[in-house]
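These are the residues of each chain, in order.
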Amino acid sequence: MTTNAPLSAEAIQQYQEEGYLIPDCQLPESRLTDLMAAVDRVLLANPEVRPEKLVSVHISGLNQEGVRGDEAFMELAKDPVIVDCVEQLIGPDIILWGCQLFCKPGSDGMEVPMHQDGAYWPIRPLATCTVWVALDHVTEENGCMQVVPGSHRHQSLTHQKESREDLVLNQRVNDGRIDPENTVSLELAPGQFSMHDVHLVHGSHPNRSGKRRAGLAIRYMPSTSLFNRDLIDTGTGSGYLINFAKRPLWLIRGENRAGSDLKVGHA
Ligand SMILES: O=C(O)CCC(=O)C(=O)O
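Nothing here was measured: the structure is a model prediction, and the numbers come from that model. (Residues numbered from 1 in each chain as written. Predicted model: local features only at pLDDT ≥ 70, side-chain atom pairs only at ≥ 80, totals over all residues. Heavy atoms only, no water.)

As for the packing of aromatic side chains
Thought 1: Following the criterion strictly, the structure yields four aromatic pairs and no others.
Thought 2: Ring centres of Trp 97 and Phe 227 lie 5.7 Å apart, and the angle between their planes is 45°; on these two criteria the pair is classed as tilted. Taken as a pair, Trp 97 in strand S5 (residues 94-104) and Phe 227 in strand S16 (residues 226-227) lie far apart in primary sequence, 130 residues in all.
Thought 3: A residue is classified by how much of its surface remains accessible, and Phe 227, at 3% relative accessible area, is buried. (Phe/Tyr/Trp six-rings, centres within 6.5 Å; stacked < 30°, edge-to-face > 60°. Helix = DSSP H or I, 4+ residues; strand = E, 2+ residues; numbered from the N terminus. Buried < 20%, exposed > 50% of the residue type's maximum accessible area, 1.4 Å probe, protein only.)

Quick word on the site of the ligand
Thought 1: Around the ligand, a shell composed of 13 residues is seen, among which Asp 117, His 202, Ser 204, Arg 213 and Arg 219 lie nearest.
Thought 2: In the environment of the ligand, an oxygen atom lies 3.3 Å from a nitrogen or oxygen atom belonging to the side chain of His 115.
Thought 3: Residue Ser 204 places a side-chain N or O atom 2.6 Å away from an oxygen atom belonging to the ligand.
Thought 4: Coverage of the ligand by the protein chains reaches 100% of its 300 Å² of free accessible surface.
Thought 5: Elements with a minimum of two residues in the shell around the ligand: strand S6 (112-115), strand S8 (129-134), strand S14 (202-204) and strand S15 (213-222). (Near = heavy atom within 4 Å. Polar contact = N/O pair within 3.5 Å; in protein donor to acceptor, adjacent residues only side chain to side chain. Areas by Shrake-Rupley, 256 points an atom, 1.4 Å probe, with all protein chains shown as cover.)

Quick word on the pattern of salt bridges
Thought 1: In the structure shown here, the tally under the stated rule is 18 salt bridges.
Thought 2: Glu 162 serves as the salt-bridge partner of Arg 164, at 3.5 Å between the closest nitrogen and oxygen.
Thought 3: A relative accessible area of 38% places Arg 164 in the partly exposed class.
Thought 4: Via salt bridges that share partners, Glu 111, Glu 162, Arg 164, Asp 166 and Arg 172 belong to a single interconnected network. (Salt bridge = Lys/Arg side-chain N within 4 Å of Asp/Glu carboxyl O.)

Brief notes about helix H1 (residues 9-18)
Thought 1: Listed as buried for H1 are Ala 11, Ile 12 and Tyr 15. For H1, the angular spread of buried residues about the axis comes to 100°, placing them on one side. Counted as exposed and oriented over 90 degrees from the buried face of H1: Ala 9, Glu 10 and Gln 16.
Thought 2: Here the buried face of H1 lies against strand S1 (20-21), helix H4 (80-90), S8 and strand S13 (193-197). (Arc of directions from axis to C-beta. Contact = heavy atoms within 4.5 Å.)

Considering the state of the cysteines
Thought 1: This model, assessed by the stated rule, comprises zero disulfides.
Thought 2: Free cysteine Cys 85: the closest other cysteine sulfur is in Cys 25, separated by 4.5 Å.
Thought 3: Taking the relative accessible area as the measure of exposure, Cys 85 reaches 0% and is therefore buried.
Thought 4: Between Cys 129, a cysteine without a disulfide, and Cys 85, which holds the nearest cysteine sulfur, the sulfur-to-sulfur distance is 8.8 Å. (Disulfide = S-S within 2.5 Å.)

As far as function goes, none of this settles anything; it's purely spatial.
Structure follows, in structure tokens:
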């Protein structure tokens, strides 16, 4: 168990009431330099993949989802500063189960439709804290994340499928209880990060500016939930190839309480 508690009581209360927070901390310059170099490497190594769709990018080499990843992202996912924050929100038993680079190029960066993450994920009971790390300056102009504060309290909402080529994901929240326009913009400096709950409604506009917008989403679940590999078929059903059947999981802290399979997918 950690003795560090980077998040204030007010920040934790905001997460509980509004479903997100921005911690009062920043990654060191040296870490950011390593990450920027890793972004350049993975963009070069994956010319055939849209840069918003670099899934499981924390896995070095070619992963089961057709992406060549980089160790620098794995190191970040294990960084105690980040994991200490996560522990304060989801408890001491933590599984790292996903990591995606959402890099929107300047001028033609894709929209992420307003959605709840849980609509795509095989975790029961549904639980995850996403840490979204800004690698570039992330502003309204270049398509920062937009969140609907408090929307997580509705738990699972109705979504509608949209089969458009210019979207990163293909489900949009469509539920009378939510006003998808009632958003807060999460503008971040490089090295800052936000944290959001699995049920929070969020998304982002296309990037029409000339400035790139790169952010890394790292997914942590409490090990008291089960990663059910049979729940969602392998395929491109969410807009790009996802293979939860073979997705490797890492126990980052504590014990594996619900018995998720931690062996599958590891070399
Ligand atoms: O990067 C974005 O704009 C959206 C990210 C997202 O949907 C997520 O991290 O769950």
